[in-house]
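# Summary of the model geometry
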Amino acid sequence: MLTTADMKPSKMMRPLHGRTALVTGSTSGIGLGVAEAFAAQGATVVLNGFGDRMQIEDTRQKLEQSHDVAAFYHGADLSKSAAVGEMMAYAQAEAGGVDILVNNAGIQHVAPVDEFPPEKWDAILAINLSSAFHTIRLALPGMKKRGYGRIINVASAHGLVASPFKSAYVAAKHGIVGLTKTLALEVAQTNITANAICPGYVYTPLVEKQIADQAKAHNIPREQVISDVLLKAQPNKRFAQVSEIGALAVFLASEAAASITGAALPVDGGWTAH
Ligand code: NAD
C-alpha cells in the first residue's frame, strides 16, 4: 500500500532542487511569499530582514519542515554596504552561493519634495536601490562561474509611473528598473537573466495597517478605503496576493523564462495601462 511519503514528489524532482535563492526583506510580506514559493520548488533559501528573532527563527524552521529544504537567515541591515557584503559571504559559506537573487527589501516615506527629510531620502535610496547594486555585484561572479543566474528585482508600478509625495520611492524604483535593464544587457550571453517585477498594491500586513489607518483618518468604511483610496489607480480593484508575486518569481527562475531579460513586468491590475 502507498504511504503519504511515497506519494510526495521526490526531492530531486522539484525544479529548483540544487539552487539557492536569497530573498532580501523576506521576514514579512512579499519577500516571505517569494521565499516560500522558492522553497516549495525545492530551492535552498536564505532569508533576510528585520523582526522578532524568535518569530524569524520560527519562520525559518517552518520553511525547512514544510518544504524539506535548507533555510538560512542573515539579519543584515541593507542600508549598510558592509553588512550586504557580510550577508553575501554568509550565503556563499553556508548555502554554496546565490543562484537566484531577489532584491525585495524596501521602505517608503511620503512627503512633498520640499519637506522630504534628507535622511529619509538617503535611507530609501540605500535600501530600495543601492543594496541591490551591492548584492548584484557580489552575486555575479559566482553566477557566471556556475553558468546560471536569475536576478529578480521587486520594483513597483512606481518604477514605471509616479505618484505625488513619493519622490524618493519613485526615484529608487525607476532607478532599479534602469539597473535591471543595464545588467540584462551586460550579462545577456551568460545564462543570467535580470528582470524587475512591478507590483501595484499587494495585500501584505503593511497594507492591512494602511487600510485601518486610512479608515480612521477619513472616517470612512474599510471597503471605501480599499476602492477609493488605495486602489484608486488600480483598475481591477483587487489586491494582488503575495503568492502571485511568488509564482511569477518562480517562473522567471525557470528554464522556460531563459529569454525573458531586461523586462519590467507589471503585476498591477492594469494601473500602468492608463
Ligand atoms: P514589508 O514591509 O512587509 O516587507 C519589507 C521587508 O524589508 C521586511 O522583511 C523588512 O524587515 C525588510 N527591510 C526593511 N528595511 C530593511 C533593511 N534596512 N535591511 C534589511 N531588510 C529590511 O513590505 P512589502 O509590502 O512586502 O514590500 C516588499 C517590496 O515590495 C518592497 O520593495 C516594496 O517597495 C515592494 N512593493 C510592495 C507593494 C505592496 O503593495 N505591498 C507594491 C509594490 C511594490
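See above for the structure.
Residues numbered from 1 in each chain as written. Predicted model: local features only at pLDDT ≥ 70, side-chain atom pairs only at ≥ 80, totals over all residues. Heavy atoms only, no water.

## Notes on the site of the ligand
Test applied: We call a residue near a molecule or strand when any one of its heavy atoms sits within 4 Å of it. Polar contacts here mean pairs of N or O atoms no more than 3.5 Å apart (in protein, one a potential hydrogen donor and the other a potential acceptor; neighbouring residues in sequence count only if both atoms are side-chain atoms). In this description a helix means any DSSP run of H or I spanning at least four residues, a strand means any run of E spanning at least two, and both kinds are numbered starting from the N terminus. Throughout, the ten residues Ala, Val, Leu, Ile, Met, Phe, Trp, Tyr, Cys and Pro are labelled nonpolar, Asp, Glu, Lys and Arg are labelled charged, and all others, Gly among them, are labelled polar.
Residues in contact with the ligand amount to 30 residues; listed here are only the nearest, Thr27, Ser28, Asn104, Tyr169 and Val202. The separation between a nitrogen atom of the ligand and a polar side-chain atom of aspartate 77 is 3.0 Å. A distance of 2.5 Å is found between an oxygen atom of the ligand and a side-chain nitrogen or oxygen belonging to tyrosine 169. Elements with a contribution of two residues or more to the shell around the ligand: helix 2 (29-40), helix 6 (167-186) and helix 7 (205-218). Looking at side-chain class alone, the shell around the ligand contains 15 nonpolar, 13 polar and 2 charged residues.

## Some thoughts on the side chain of asparagine 48
What counts here: Partly exposed describes any residue whose relative accessible area lies between the buried limit of under 20% and the exposed limit of over 50%, with all areas from a 1.4 Å probe on protein chains only and scaled to the type maximum. It only takes one pair of heavy atoms within 4.5 Å for two residues to be counted as in contact.
One can find asparagine 48 in strand 2 (residues 44-48). Owing to a relative accessible area of 1%, asparagine 48 belongs among the buried residues under this scheme. Among the polar contacts made by the side chain of asparagine 48, one reaches the main-chain carbonyl oxygen of histidine 74 at a distance of 3.1 Å. A distance of 3.1 Å separates a polar atom in the side chain of asparagine 48 from the backbone oxygen of alanine 76. Those residues in contact with asparagine 48 that lie beyond four places of it in its chain are Val23, Thr24, Gly25, Ser26, Thr27, Tyr73, His74, Gly75, Ala76, Leu78 and Met87.

## Concerning unusual backbone geometry
Of note in this structure, aspartate 68 is not a glycine but carries a positive phi near 55°. Its place among the elements puts aspartate 68 in the loop between helix 3 (53-67) and strand 3 (71-74). Although it is not a glycine, asparagine 219 sits at a positive phi angle of roughly 55°. For asparagine 219, the location among the structural elements is in the loop between helix 7 and helix 8 (222-230). Residue classification places asparagine 219 among the exposed residues on the basis of a relative accessible area of 69%.

## Quick notes on helix 8
Rules: To obtain the arc, one takes the directions from the helix axis to the C-beta atoms.
Considered for burial, the residues of helix 8 that qualify are Val225, Ile226 and Leu230. One side of helix 8 holds all its buried residues, which, seen down the axis, span an arc of 95°. Close packing links the buried residues of helix 8 with helix 7.

## Quick word on the pairing of strand 4 (residues 100-103)
We count it as follows: Paired strands, in this sense, are two strands between which DSSP finds at least two bridges. Clockwise travel from the first strand over the helix to the second, with the strands pointing away from the viewer, marks a crossover as right-handed.
Residue alternation in strand 4 divides its side chains into two sets, Ile100 and Val102 and Leu101 and Asn103, and both sets are buried. Two elements, strand 1 (residues 20-23) and strand 4, share 3 bridges in a ladder whose sense is parallel. For alanine 21, the partnering residue across the bridge sits in strand 4 and is isoleucine 100. As paired elements, strand 4 and strand 5 (residues 149-154) share 4 bridges and run parallel to each other. Across the sheet, valine 102 pairs through a bridge with isoleucine 152, a residue of strand 5. The β-α-β motif built from strand 4, the intervening helix 5 (residues 118-146) and the parallel element strand 5 has right-handed crossover chirality.

## Structural notes on the packing of helix 7 against helix 8
Note the cut-off: To obtain each axis, a line is fitted to C-alpha atoms, and for helices this fit is confined to the stretch in contact; angles are then taken between N-to-C directions over 0 to 180 degrees. Any angle between 65 and 115 degrees counts as roughly perpendicular, while under 35 counts as roughly parallel, over 145 as roughly antiparallel, and the rest as oblique.
At their nearest, the axes of helix 7 and helix 8 sit 9 Å apart, and the two run at 105° to each other. In terms of orientation, helix 7 and helix 8 fall into the roughly perpendicular class. In this structure, helix 7 contributes Val207, Glu208, Gln210, Ile211, Gln214 and Ala215 to the contact, and helix 8 contributes Arg222, Val225, Ile226, Val229 and Leu230. Of the residues in the contact of helix 7 with helix 8, the class split is 7 nonpolar, 2 polar and 2 charged.

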